Amino acid sequence: MSYSQVVYDRLSKIYAHQSEYLQAVLEVLVSLEPLLKSTNIYEKNKILERITEPERLIQFKVEWLDDKGEIQVNKGYRVQFNSAIGPYKGGLRFHPSVNEGVLKFLGFEQIFKNSLTGLPIGGAKGGSDFDPKGKSDNEIMRFCQSFMLNLYRHIGATVDVPAGDIGVGGREIGYLYGAYKKITNTYEGVLTGKGLNFGGSLARTEATGYGTVYFAREMLKTKNDALEGKICTVSGAGNVAIYCCEKLHQVGAKPITVSDSRGMILDENGINVDVLKQVKEVERASLTRYKELVPSAKYISVDEYKKGTNAVWSVKCDAAFPCATQNELNKEDAITLLNNGCKLVAEGANMPSSIDAINVFLDAKIHYGPAKAANAGGVATSELEMQQNASMCSWSFEKVDSKLNDIMTHIHENAAMTAKEFKADGNLVLGANIAGFRKVADSMIALGVM
Ligand code: NDP
Ligand code: 2IT
């Protein structure tokens, strides 16, 4: 058995109940095989055993009062996974599906994603099983304040810098930051994704979606192709999906779908981004509201989907952008996409494709941009926000966007060159995993064992 198989077997026994974490680890370990065959330095230093275990796993109780005055209790977490190349960095997710295994998968992915950005940030993730849906603004505020009352002692501008993710956007970051400031009596860049009046960076809101489109553009460039004129399907209707659609329009492509947990919109005229922002950012409504505002669009509820598949991926397209959540695209969806002529998949969400689905894309040799490379623009721009906070200044939108563009171009080049180095030309999964891993693993060796 190879070194990585031995490590995976051990983890799969200990963490049998953490399926998402094991899936994320397996994807990375399989990619690392050629690197591990070329040198025994990582095995000698037990890097796989060390890098798969979080440095610190914090769990706490979050008590808060709802609008009826009743006490509510949720679980809060922060997984500080790896700090070899910089302070812990990664988002907070508020969603009922959050548990230790989900946050370990996200934190593990974040190590390699953050390394790929070329910036000095370690990997972390956190969040709560709190469900923001249907909660009043005051309830969200009280929850965020109580969450921070526990979290504040574990974070800091050079220690651990959380940001948003599913269910955590500008509103939540504002309340979290307000609480941190009050508790600690400091004004420092301890969270990113902040409002522009209090230390936020221009272009952070747009960064993940824009970055994913920049990455897709780089993949197509290798075949002298471009996004212009391409029909695109997008899943999700949150932060990443909205700005993915916006950038697709800007580069002359046509996004025709978005989705949320209740259903999807198919708008053959192209998703109307102003309407989408009104529905999701202002009204926080379901996509049925989009249909009310754009009657020519088609709404399909999840109950009408064929069980076990995602209707978004049954829509004929040239390029697909999964921007909702993990495992939203399975093998059957992948085959449907290929049969319909899809030539590119760029992942705005984290681990949206199952391992089977990824293999379908790799075997077909279409352009496949794995999450940790394609969606790294969000965290990269968070680091640009940290730079601005540290120097007490703010940059123009153009400056931040141009840096984001350069970072995405560089991530693509690094992943593509690394794939080539290991004779897997075009396999950006292998390229991104090896490139991300090498920098962290070599740093861990240099930093010593303790
Ligand atoms: P948002 O909360 O803004 O939006 C999430 C969207 O996905 C919503 O439309 C939501 O629908 C849908 N969704 C979430 N969970 C499910 C589910 N279990 N089933 C079906 N639909 C679901 O989150 P973001 O846009 O920020 O995040 C989307 C993805 O992008 C996540 O995988 C996240 O980890 C990843 N990501 C985010 C970054 C960021 O900067 N925000 C950076 C890099 C990656 P509904 O509202 O109905 O629940
Ligand atoms: O998954 C991710 O990269 C994010 N949710 C963004 C993390 C960040 O620190 O900006």
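Please refer to the structure placed before this passage.
Cut-offs used in this document
- Residues numbered from 1 in each chain as written.
- Chains lettered and ligands numbered in written order.
- Predicted model: local features only at pLDDT ≥ 70, side-chain atom pairs only at ≥ 80, totals over all residues.
- Heavy atoms only, no water.
- Near = heavy atom within 4 Å.
- Polar contact = N/O pair within 3.5 Å; in protein donor to acceptor, adjacent residues only side chain to side chain.
- Areas by Shrake-Rupley, 256 points an atom, 1.4 Å probe, with all protein chains shown as cover.
- Nonpolar A, V, L, I, M, F, W, Y, C, P; charged D, E, K, R; others polar.
- Salt bridge = Lys/Arg side-chain N within 4 Å of Asp/Glu carboxyl O.
- Helix = DSSP H or I, 4+ residues; strand = E, 2+ residues; numbered from the N terminus.
- Buried < 20%, exposed > 50% of the residue type's maximum accessible area, 1.4 Å probe, protein only.
- Core = buried A, V, L, I, M, F, W, Y, C linked by side-chain atoms within 4.5 Å.

(A) Quick peek at the site of ligand 1. Around ligand 1, the surrounding shell holds 24 residues, and the nearest of these are Lys133, Asp165, Thr208, Ser261 and Asn350. Within the backbone of Ala237, one N or O atom sits 2.9 Å away from an oxygen atom of ligand 1. For ligand 1, whose unbound accessible area comes to 880 Å², protein coverage reaches 82%. Of the residues assigned to the shell around ligand 1, the class counts are 6 nonpolar, 12 polar and 6 charged.

(B) Broad picture of the pattern of salt bridges. Tallied over the entire structure, the rule returns 18 salt bridges. With a shortest N-O distance of 2.6 Å, Asp165 and Arg93 are connected by a salt bridge. Highlighted residues: Asp165 in the loop between strand 5 (160–163) and helix 7 (170–184) and Arg93 in strand 3 (residues 88–94), separated in sequence by 72 residues. Owing to a relative accessible area of 3%, Arg93 belongs among the buried residues under this scheme. The shortest N-O distance in the salt bridge between Lys277 and Glu246 comes to 2.6 Å. Taken together, the positions of Lys277 in helix 10 (residues 273–282) and Glu246 in helix 9 (residues 239–250) put the pair 31 residues apart, joining distant regions of the chain. Glu246 sits in the buried class, given a relative accessible area of 15%.

(C) Summary view of the nonpolar core. Formed by 55 residues in total, the largest nonpolar core has its most connected members in Leu248, Tyr290 and Phe321. Among the elements that make up this core, the one with the highest residue count is helix 8 (residues 204–221) (8 residues). Counting residues in each nonpolar core, the second largest holds 40 residues, with Tyr21, Leu36, Tyr77 and Leu430 among its members.

(D) Broad picture of the side chain of Thr52. Along the chain, Thr52 falls in the loop between helix 4 (47–51) and strand 1 (56–65). In terms of polar contacts, Thr52 uses its side chain to reach the backbone carbonyl oxygen of Leu48, at 2.7 Å.

(E) Quick peek at the site of ligand 2. Taken together, 14 residues lie near ligand 2, and Lys89, Lys113, Asp165, Arg204 and Ser382 sit nearest. Between Lys89 and ligand 2, the recorded distance is 2.7 Å, taken from a side-chain N or O atom to an oxygen atom. In the environment of ligand 2, an oxygen atom lies 2.5 Å from a nitrogen or oxygen atom belonging to the side chain of Ser382. Residue assignment for the shell around ligand 2 shows that the elements contributing at least two residues are strand 3, helix 5 (100–116) and helix 15 (377–390). For the shell around ligand 2, the class distribution of residues is 2 nonpolar, 7 polar and 5 charged.

(F) Here's a closer look at unusual backbone geometry. In the Ramachandran plot, Asn224 falls in the positive-phi region, its phi being about 50° despite a non-glycine side chain. Secondary-structure assignment places Asn224 in the loop between helix 8 and strand 6 (231–234). For Asn224, a relative accessible area of 79% translates into the label exposed. If you check the backbone angles, Arg284 has positive phi at about 50° while not being a glycine. Tracing the chain through its elements places Arg284 in the loop between helix 10 and helix 11 (288–293).

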